[in-house]
Amino acid sequence: GWAAIQGPDAIPGGGLAQIIAFIAVLELSVMKDITGGEFVGDFRNGYIDFGWDKFDEDTKLSKRAIELNNGRAAMMGILGLMVHEQ
């Protein structure tokens, strides 16, 4: 929160400048917007490619299903932690 910027244990000015500069570099060079995609949630931008285009359609479908299931499991895990804290 705001205490990290102005509080007694605040991040030093040089450190805050480094964080902002790093975010600016990522936004301007790596995290470019794309128009259209192969599927909903396709955030590939041509900068980092892990060989997705080399897979056949069945493998792509399987990997997307695995990723969706991992995301659902992570959401259930976080929900379980939140319920447990109450």
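Residues numbered from 1 in each chain as written. Predicted model: local features only at pLDDT ≥ 70, side-chain atom pairs only at ≥ 80, totals over all residues. Heavy atoms only, no water.

Which residues make up the confidence of the model for the chain, and what are the values?
Low-confidence regions, as indicated by low pLDDT, have predicted coordinates that should not be scrutinised in detail. Here the chain averages 86 in pLDDT, and 88% of its residues register 70 or above. The lowest-confidence element of the chain is helix H1 (residues 3-6), averaging 84 in pLDDT; the highest-confidence one is helix H3 (residues 57-85), averaging 93. (pLDDT = per-residue confidence, 0-100. Helix = DSSP H or I, 4+ residues; strand = E, 2+ residues; numbered from the N terminus.)

Lay out the pattern of salt bridges in plain terms, naming residues and giving numbers.
Throughout the structure, instances matching the rule amount to one salt bridge. In this structure, lysine 60 and glutamate 57 form a salt bridge, with 3.8 Å as the shortest nitrogen-oxygen distance. Residue lysine 60 and its partner glutamate 57 are located together in helix H3, separated by three residues, close to a single helical turn. You can call glutamate 57 exposed: its relative accessible area is 51%. (Salt bridge = Lys/Arg side-chain N within 4 Å of Asp/Glu carboxyl O. Buried < 20%, exposed > 50% of the residue type's maximum accessible area, 1.4 Å probe, protein only.)

Explain the side chain of lysine 60 to me, and be specific about the residues and the numbers.
Residue lysine 60 is classed as buried on the basis of its relative accessible area, which comes to 6%. Lysine 60 has contacts with Glu38, Trp52, Asp53 and Phe55, leaving out every residue within four places of it along the chain. (Contact = heavy atoms within 4.5 Å.)

Tell me about the layout of surface pockets, residues and numbers included.
If you add up the space inside the second largest pocket, you get close to 170 Å³. As for the second largest pocket, its lining consists of Trp52, Lys63, Arg64, Glu67 and Leu68. Along the lines of polarity and charge, the residues of the lining of the second largest pocket split into two nonpolar, no polar and three charged. (1 Å grid on protein atoms, 1.4 Å probe; cavity = no way out; pocket = protein on both sides within 12 Å on 5 of 7 lines; lining within 4 Å. Points joined across faces, edges and corners; volume = space filled by probe spheres on them. Nonpolar A, V, L, I, M, F, W, Y, C, P; charged D, E, K, R; others polar.)

Could you give an account of a nonpolar patch on the surface, with specific residues and numbers?
On the surface, a nonpolar cluster with roughly 610 Å² of combined accessible area is contributed by Met76, Ile78, Leu79, Leu81, Met82 and Val83. Position of valine 83 among the secondary structure elements: in helix H3. Relative accessible area serves as the criterion here: at 53%, valine 83 is assigned to the exposed category. (Patch = residues over 30% accessible without salt bridge, like charges linked within 9 Å, V, L, I, M, F, W, Y side chains within 5 Å. Areas by Shrake-Rupley, 256 points an atom, 1.4 Å probe, with all protein chains shown as cover.)

Tell me about the packing of aromatic side chains, residues and numbers included.
Here the structure, examined in full by the defined rule, presents one aromatic pair. Judged by centre distance (6.0 Å) and plane angle (90 degrees), the rings of tryptophan 52 and phenylalanine 55 are edge-to-face. By relative accessible area, tryptophan 52 is classed as buried at 16%. (Phe/Tyr/Trp six-rings, centres within 6.5 Å; stacked < 30°, edge-to-face > 60°.)

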